[in-house]
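Below are the chains, spelled out letter by letter.
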Amino acid sequence: MLKFILKRLALGLAVAFTVSLATFLLLNLAADPAAMVAGEDATQDAIEQIRVQFGFDRPLYVRFFEWLGNLMTGDFGDSYYWKQPVFDLLIDRAPVTLTLAAGALTVTVVVGLTLGVLAALKPNGWLDRFALSFGTAAQAIPNFWLGLILIILLGVMFPILPVSGDTSWKHFVLPCLVLGTSSVPQVLRLTRTGMIEVLGSDYIRTARAKGFRPRQILFRHALRNALLPVVSVITIQIGYKLGGSVITETVFALNGLGRLAYESILGADVPTVQMLVFFFALIFIVLSILGDILNAWLDPRMRVE
Amino acid sequence: MSVKALLTASVIALSSAMPTLADQTNDTLVAAFNKEVQTLDGLYSTSRENLILSYLTSDQLVEIDLETGEYVGALAESYTWVDDRTIDFTLREGLQFHDGSPVTVEDIVYSFDWIADESSKTRRGAFIRGWFEGAVAVDDRTVRVTAQNPYPLMLRDIAVFVLTRKAGSYVDGNPDALTQAFNGTGPYRITSFDMGAGVTLEKFDGYYEGGPKAEGAIETIQLRPIPDWGTVTAELLSGGVNWSFNVPDDTAQDLGALPMVDHTTGVSTRVSFLVLDVAGVTDPEGPLTNKLVRQALNHAVNREEIVEFLVGGSGRPIHKTCNLDMFGCDVDVTEYEYNPERARELLAEAGYPDGFEFEMTTYRERPIMEAVAADLAEIGVTANINHVKLSALSKARAEGQLEAFQNAWGFYATPDLGAISNYYVAGSNRNLHHDADVEGWFKAALETVDQDERAALYAQALTRVADEAYLLPLFQYSQNYVHSVDTTFEAPADGLPRLNEISWQ
C-alpha cells in the first residue's frame, strides 16, 4: 500500500510540474507580457522599461526555474497587476471561494440526493420523470444564464436577495444555487441508479419480509450502499466547485479566486495566473490521489495494478 | 425571447412596483466599474478606472480647460513661461493633503523627481523623462520646472502625468507605499479600499476653493467592480448602482429606454485606424507599398455605415488619425469617400484587377473589423483577419511581421496631435510609412513651442499622409454612460468622466 501511495504521489508531482511548465510557456510565448502590462497606449520606451523592470528580458528557462525555486521556499512572487504578494492575494480571496464552494456543494448534495432517492422509490412515476427532467435542464442550462435569470427573478422583480457582492450570507444564496445546480444531475442520476439497484436486491427484499419499516430500509440499508459511488463523484465535485467558480464569481461580482483569475488573465498578470493555475491543478491532483488511495483501500486489486 | 428582451419587458411591467432608489437618502453615489481598481496610486496604473479615481483624489499643478483647450492653474494659482523651456508655477495658499498637512513647494519638487526617476518605476515616468531637466523651489510658493529643450507638450505632460505626492510618501523608495493607503489632494479622500469590493470616497472638507475641479455635490462615492454587464444592469434596475461607463452600445440603448435609467453618450478621444505596411517591411514588393492600392482600400470601406450600425452613440467617421477637436487636426485633407467602383478602378490601374490577399492583424471590435474585411472583399481584396490579444500584436509589430494592423489610440485624453507622434516619427515600430518628410515634420513640431509653426507642420504632415493613403482611418469611438434618473451627468468632451460633477436631481 505504501508503495502504491508513493507511486501516486510521484505521478502527482510530475503532473504538477508539467502543468506549471505548460502554463508558464503559454503565458510567456503567446504574447509579449511587457506590452500587456504596459497597456494599450504605452509607448515603445514604456514597454521596454517594463520589460527590464519585470525581468521579461531574461531567458524563459531562467525565469521558470526561478519561479519554481521560489515556490519551493514558499515565495509565490509578487503580482504585477495587483501590486501585492500573490500569497496575500490568494489568502484574501480564498474565503469567498471556499464559502461559495461549500454552499454550492451543499445545494448539490441536498438536492441531488433528495431527488435521486425520491425518483428511485417509484421508477417511471411522475416524481421520477420530474427529477430526470430537472436533471436534464440543470445540465443543459449554462451557469451565466441561470445566474441572470435568478438575478432578474429574485433580485429585480421580487427583490428579496442582493444582486451582487459578498458582504453578507444573503449575497451567497444566488451564486450557491447557480453553482450547485450545475452538478445536481450527476449526483441525482448516480443516486437514482444506485438506489434502484439496491432496492431491488435480495437483502432489501429480505428486510421487507422481516417487517422492517420502509424508512429503516431506505436510510439504514439501501442508501448507505447506494451512496458509495456518489461519494467519489462528490469528492471530484469539490475540485470543480473550487476551480470552476470563475463564471459564477464574475456574474455575481464575488471577490473570490475565480474572479481573481478572470481579472488577472485580462491584466496579463503572469505570476498570479501561474499560481492560480498551479493551485487549481494541485486541488485536482490531491483529490485524485485521495480518490485512488480510497479506492485502493476498498479494493486491494487496484494496488496490484 | 432573449435575456435582454425578457429583462426589459419584465422590468417595464414591474417598474411601478420597484423600490425607490435609496442612495439619495444617504447621499451615496455607487459607480459600477467593469474592472477592478488594483491600486490607489494613479502613478502606477493607466487604466481608465484609475484615471477616474485619480481625478477625484489627486491634483496637478495645472488642468486643461475642456471648453477653451487652455491649461489653467489647479494647485498652481498661476504659471509663467520664463523662456521656451522654463515655467514658474506659483502655488495657491492654504492647500492641504487629505491628512491635513500643507502642500508645499518641496512636495511638488519631490513629485517631479519621483516620477522622473527611473528607479521609481512609475507608469508616467517614461512620458516626462524625454524632456524633463529639473524642478526647483524658487521660494515658498514658487516652483521652477525646466525642460532640456523647448517642448510644446510640457504643460500637457504636467497636467496629465505629474500627480502631486507628499514629500517622502514613498518610504525607503518603496513604489508600493501608496497602493493600499493613499494621501492625496483631490476633492475626494479615500476612506476604505478593499480590492475586489471597491473603493469608498468622501468629500474632502479641506479642498481649496476656486480651482478648476468641482468640489463635489455628493458626500460619498463608492466605486464597485462588477465585471458582468448583465449584473450591472440588474443593479441599476434594483437601485444598487447609480452610474456606469464604457457600456456596450446595445446594452446602453436598452437601458436608456427604461424609466429609471438615463443613457448619455459622448465622444471618446480614441480613434480607430489601420496601419498599412507602406515601406514594405514584410514584403518590399507587397501590394500595400503601392499608393493606388492604398487609396483603393480607403475608398472601399464604408465608414458611415460602420459608425451608424456598429459603433453607434456619438461615434463618427474619420479621414485623419486624430480627434477632430484637437490641436493640429483642423486641416482639410484628401477624403476617400465610399466608392467601391472607384476602388476597383484604382486596383486595376495598380495592376491588381483581380484583387489580392493580405493579413490584417486586429485586437479590438472583431465585428467591426469583419465589416471592414467584408467591404474590402467587395472590391476583390481578401483581408484575412488575424484577431489576437494586444500583447501578441505588439510582439509581432516589434518583430516587423505585420502587413496591416489595427490600432485604437486614445491620446491620453490630450487635445493635441503631438500625442500620437509615435505613428509618425522615425524609429517607432508603429510607423510603417518611413516617410522622412513626415517624420521630420512631426519631430520638428515636438521641438518648438510656437503653436502656429506646429499647426503648419502638422498640416503638412497630415496632408501628405492622406494624399499617400499611408493609413486607413476608420472612426472615432463613442463613450456610453448610464445613470439613474435621479442623478445629473454630462458626458465629458475628453472622454474622462468626472464623478465629482455628478449631483442629485
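Keep in mind the model is a prediction, meaning the values are calculated, not measured.

(A) Representation of the overall build of chain A in the model. A count of helices and strands for chain A gives 15 helices and 0 strands. For chain A, the C-alpha atoms occupy an extent of roughly 85 × 60 × 30 Å along the three principal directions. Pairs at least 24 residues apart make up 72% of the contacts formed inside chain A by residues separated by at least 6 positions.

(B) Here's a closer look at the overall build of chain B. For chain B, the helix and strand inventory stands at 14 helices and 19 strands. For chain B, the spread of C-alpha atoms along the principal axes amounts to about 70 × 65 × 35 Å. Residues classed as buried in chain B amount to 51% of the 505 residues present. Look at the contacts in chain B between residues 6 or more apart in sequence, and 71% of them connect residues 24 or more apart.

(C) Region of interest: the sheet that holds strand S4 (residues 76-83) of chain B. Residues and elements named next belong to chain B. Read from one edge to the other, the open sheet built from 4 strands follows the order S4-S5-S7-S6, with strand pairing classed as antiparallel. Two strands bound the open sheet, and with one partner strand each, they are S4 and strand S6 (132-137). Each strand of the sheet is rotated relative to its neighbour by a mean of 20°, with strand direction disregarded. Examined bridge by bridge, S6 and strand S7 (residues 142-147) share 5 bridges and lie antiparallel to one another. Directly across from alanine 135, in S7, lies its bridge partner valine 145. Lying on the sheet, helix H3 (residues 105-116) is in contact with strand S5 (86-91), S6 and S7; it crosses S6 at an angle near 160°.

(D) Structural context of the interface of chain A and chain B. If you look at the interface, chain A gives 39 residues, while chain B gives 44 residues. Looking at the side of chain A that touches chain B, the elements with two or more residues in it are helix H2 (33-38), helix H3 (44-53), helix H7 (143-157), helix H12 (246-251) and helix H13 (257-266) of chain A. With 7 residues, the single largest contributor to the side of chain A that touches chain B is H7 of chain A. Its residues placed into classes, the side of chain A that touches chain B shows 22 nonpolar, 9 polar and 8 charged.

(E) Layout of the domain arrangement of chain A. In terms of domain boundaries, chain A breaks down into domain 1 (31-75) and domain 2 (93-302). Each of domain 1 of chain A and domain 2 of chain A has a C-alpha centre, and these two points are 39 Å apart.

(F) Expanded view of the environment of proline 259 of chain B. With respect to the secondary-structure elements, proline 259 of chain B resides in the loop between helix H7 (249-256) and strand S12 (261-276). Spatially, the C-alpha atoms of proline 259 of chain B and proline 227 of chain B are 24 Å apart, while their sequence positions differ by 32 residues.

(G) Examining the packing of helix H8 (residues 291-300) of chain B against helix H10 (residues 340-349) of chain B more closely. Residues and elements named next belong to chain B. H10 packs onto H8 with a crossing angle of 165° between their chain directions and a minimal axis gap of 8 Å. Here H10 runs roughly antiparallel to H8, going by the angle between their axes. Handedness of the H8/H10 crossing: left-handed. Where H8 approaches H10, its residues Leu292, Val293, Gln295, Ala296, His299 and Ala300 are matched on the opposing element by Pro340, Arg342, Ala343, Leu346, Leu347 and Glu349. Broken down by class, the residue content of the contact of H8 with H10 amounts to 8 nonpolar, 2 polar and 2 charged.

(H) Summary view of helix H12 (residues 390-398) of chain B. Residues of H12 of chain B that are buried include every one of Leu390, Ser391, Leu393, Ser394, Lys395 and Arg397 of chain B, and no others. After H12 of chain B finishes, the residue glycine 400 of chain B shows a positive phi value of roughly 65°.

(I) Expanded view of the nonpolar core. Ala31, Leu61, Leu274, Val275, Leu276, Ala404 and Ala461 of chain B are the most contacted members of the largest nonpolar core, which totals 216 residues. The dominant element in this core, judged by the number of residues it contributes, is helix H5 (residues 86-121) of chain A, at 14 residues. Each residue touching alanine 31 of chain B, except ones within four places of it in the same chain, is listed here: Ile221, Gln222, Leu223, Asn242, Trp243, Ser244 and Leu499 of chain B.

(J) Highlighting unusual backbone geometry. Residue and element names in this part refer to chain B. Of note, histidine 434 is a non-glycine position whose phi angle comes to about 55°, a positive value. Turning to its location among the elements, histidine 434 is positioned in the loop between strand S16 (404-409) and helix H13 (436-445). Located in the positive-phi region is alanine 469, a residue other than glycine, with phi close to 50°.

(K) Structural detail: the environment of glutamine 222 of chain B. Residue and element names in this part refer to chain B. Tracing the sequence through the fold places glutamine 222 in strand S10 (residues 220-225). Looking at glutamine 222, the number of C-beta atoms within 10 Å reads 19, which means it is partly exposed. Residues glutamine 222 and asparagine 242, 20 residues apart in the sequence, show an inter-C-alpha distance of 9.9 Å.

(L) Highlighting helix H4 (residues 60-72) of chain A. Its 13 residues place the ends of H4 of chain A 19 Å apart at the C-alpha level, agreeing with the 18 Å of an ideal helix rising 1.5 Å per residue. Looking at the residues trailing H4 of chain A, positive phi occurs at glycine 74 of chain A, about 85°.

(M) Structural detail: the domain arrangement of chain B. All names here are of chain B. Under the domain assignment used here, chain B contains domain 1 (62-173) and domain 2 (268-478). Taking only C-alpha atoms into account, the centre of domain 1 sits 35 Å from that of domain 2. Between domain 1 and domain 2, the contact holds 9 residues from the first and 11 residues from the second. Across the side of domain 1 that touches domain 2, the residue classes tally to 5 nonpolar, 2 polar and 2 charged.

(N) Structural detail: the pairing of strand S8 (residues 188-194) of chain B. Residue and element names in this part refer to chain B. For S8 and strand S9 (residues 198-203), the ladder comprises 6 bridges, and the chain directions are antiparallel. Each residue of the ladder has a partner; that of arginine 189, found in S9, is glutamate 202. Taking the residues between adjacent antiparallel strands as the criterion, S8 and S9 are bridged by 3 residues, where glycine 196 takes a positive phi near 100°.

(O) Layout of the environment of leucine 242 of chain A. Residues and elements named next belong to chain A. In this structure, leucine 242 sits in helix H11 (residues 214-243). With 24 C-beta atoms packed within 10 Å, leucine 242 lands in the buried category. Spatially, the C-alpha atom of leucine 242 lies 12 Å from that of cysteine 176, the residues being 66 residues apart in sequence. Not counting the four nearest positions on each side in its chain, leucine 242 is found in contact with Thr97, Ala101, Phe280 and Ile283.

(P) Inspection of the packing of helix H9 (residues 184-199) of chain A against H11 of chain A at higher detail. Residue and element names in this part refer to chain A. Relative orientation of the contacting elements H9 and H11 amounts to 150°, with a least axis distance of 8 Å. Classified by the interaxial angle, the pair formed by H9 and H11 is roughly antiparallel. Crossing of H9 over H11 shows right-handed handedness. Each of Gln186, Val187, Leu190, Thr191, Gly194, Met195, Val198 and Leu199 in H9 lies in contact with H11, whose residues at this interface are Ala222, Asn225, Ala226, Pro229, Val230, Val233 and Ile234.

Conventions we followed
- Residues numbered from 1 in each chain as written.
- Chains lettered and ligands numbered in written order.
- Predicted model: local features only at pLDDT ≥ 70, side-chain atom pairs only at ≥ 80, totals over all residues.
- Helix = DSSP H or I, 4+ residues; strand = E, 2+ residues; numbered from the N terminus.
- Contact = placed C-beta atoms within 7 Å.
- Buried ≥ 20, exposed ≤ 12 C-beta atoms within 10 Å, placed from the backbone.
- Pairing = 2+ DSSP bridges.
- Axes fitted to C-alpha atoms, helices over the stretch in contact; angles between N-to-C directions.
- Nonpolar A, V, L, I, M, F, W, Y, C, P; charged D, E, K, R; others polar.
- Domains from an automatic or database assignment.
- Parallel < 35°, antiparallel > 145°, perpendicular 65-115°, else oblique.
- Left-handed = near helix turned anticlockwise from the far one by under 90°.
- Core = buried A, V, L, I, M, F, W, Y, C linked by C-beta atoms within 7 Å.
- Expected span 1.5 Å × (residues − 1).

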